[in-house]
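Reading the structure
Residue-level listing of the chains:
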Amino acid sequence: MNIRKRVNITFFICIITLCVVNFLLCFFTLHHVDHTRFAESAHAILSREVLGILKTFKYGNDSITFLEQTNELKDISGKIRTYHSQSSDSSFEYSKLNTFEKLIYNKFMQTIRSYDDYDLLFVITEDGHYLQAPEGERKFSALDLRERHWYKELVTSDKDWVITRSFKSLFDNMVICIAAKVRNDNGDLIGVIGINYILDDLVAELESKRIHNTGYLVVFDNEGKILIDGNKNQNKSINYEHPQSHLLKNVFARDDSSYSFQSSFIVSQDIPELGWKAAIIFDKDEVTEESMALMRYIAVACMLLFLTFFLLIRKLGNDIVRPIERLSKISDFYTSGHEITEEAIKRKLDRIFSSKFFGETSQLSRSIRILTEALYDRIRHAREESNAKSTFLAN
């Protein structure tokens, strides 16, 4: 391998190494910045959606808080009938209520009419007496809400209110129940008041949202039931047979606030007020979409920069190496064994030094030419002296 190739290859390796290192540094820096910025943006959006959910349910909580403070509710013990010991089913009808029950019923109906998403309001006392609004079919022979787990949880804990898991209501709506304690004027627990909140509108609204380009919202209750799923798999257990079930199980089980899993990027947040968990799931490619677009421009710029540097350094390498190559060619010319004439040496020098140089390489080329011409003069003088001696000896 001649010196020109070695110089060019060395410069080529240096340039491509520099370009690759710079490209990788840009890639990882932009990837990290993009990932962090995207996660922060997604968390802000998720927090806003969670606040919206809490605000929605706050209306229900405010309603039952208002009702439990009314004098009628505080004085309800022994004034409404019981149904749990009834042996046969019957309908719950307004016409069958006594005067006090109708008073409570009317207050409940006023509250229900104040908000479209209220499904049913009820109260149950510690001794099992029950009242609801509106009217409807109930299996009164099996009606003892004191046996429900949420009732037991509420009356045996320090909590003032609880939210149940979602279920189908008497009126065939998907609801959750917001239940709170009812106390008398002495602060003694006398029962529980509850309101069924219809989830259908909330679910439809949140499931229709697309966050950025590919993100969708998922909400689980504390048992892992899917309440909201922008991928339209709501109201199923996370153990259901579906291609996404593994992803949703992972989202429900993990405590990380943001992470990648398979081809998805997930941000999640617990909702301790409800015992729920919310998450937004994105396509992983969307997270780095902007940085990858920028990296394509950087890659093109690096290629152009590499080409520019390569051509410049190749030119510089040629300027450095060419005088050495010329000296080598001249040496080959003198040692080739051919007869050297002044005309031949002039043609050779004109051809070899036809290119123009600048700076030190120009000076080096001139020095090589002067050295070559001086060497030729010495050879010519030596030949003349040799011919003169030969002629003298011949005579």
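As a reminder, the structure under discussion sits directly above these lines.
A word on the overall build of the protein
- Each helix and strand in the protein was counted, giving 10 helices and 13 strands.
- Expressed as a percentage of its 395 residues, the buried residues of the protein come to 42%.
- The contacts in the protein between residues at least 6 apart in sequence include a share of 59% that link residues at least 24 apart.
- Accessible surface, the protein: about 22400 Å² in total, of which carbon and sulfur atoms supply 55%.

Topic: a negative patch on the surface
- Taken together, the side chains of Asp 116, Asp 200, Asp 201 and Glu 205 define an acidic patch exposed on the protein surface.
- For Asp 116, the position within the fold is in the loop between helix H3 (99-113) and strand S2 (118-125).

So, the packing of aromatic side chains
- Following the criterion strictly, the structure yields 12 aromatic pairs and no others.
- Ring centres 6.3 Å apart and planes at 70 degrees place the aromatic pair Tyr 118 and Tyr 197 in the edge-to-face group. Highlighted residues: Tyr 118 in strand S2 and Tyr 197 in strand S8 (residues 189-198), separated in sequence by 79 residues.
- On the accessibility criterion, Tyr 197 (1% relative accessible area) is buried.

With respect to helix H5 (residues 200-207)
- By the burial criterion, the buried members of H5 are Leu 202, Val 203, Leu 206 and Glu 207. Along the axis of H5, the buried positions cluster into a sector of 120 degrees, meaning they face one direction only.

Considering the nonpolar core
- By size, the foremost hydrophobic cluster in this structure holds 55 residues, and its most contacted members are Phe 57, Phe 108, Ile 193 and Trp 276.
- Per-element accounting of this core gives the leading share, 11 residues, to helix H1 (residues 3-68).

What counts and what doesn't
- Residues numbered from 1 in each chain as written.
- Predicted model: local features only at pLDDT ≥ 70, side-chain atom pairs only at ≥ 80, totals over all residues.
- Heavy atoms only, no water.
- Helix = DSSP H or I, 4+ residues; strand = E, 2+ residues; numbered from the N terminus.
- Buried < 20%, exposed > 50% of the residue type's maximum accessible area, 1.4 Å probe, protein only.
- Contact = heavy atoms within 4.5 Å.
- Areas by Shrake-Rupley, 256 points an atom, 1.4 Å probe, with all protein chains shown as cover.
- Patch = residues over 30% accessible without salt bridge, like charges linked within 9 Å, V, L, I, M, F, W, Y side chains within 5 Å.
- Salt bridge = Lys/Arg side-chain N within 4 Å of Asp/Glu carboxyl O.
- Lys, Arg positive; Asp, Glu negative; His and termini not counted.
- Charge placed at Lys NZ, Arg CZ, Asp CG, Glu CD.
- Phe/Tyr/Trp six-rings, centres within 6.5 Å; stacked < 30°, edge-to-face > 60°.
- Arc of directions from axis to C-beta.
- Core = buried A, V, L, I, M, F, W, Y, C linked by side-chain atoms within 4.5 Å.

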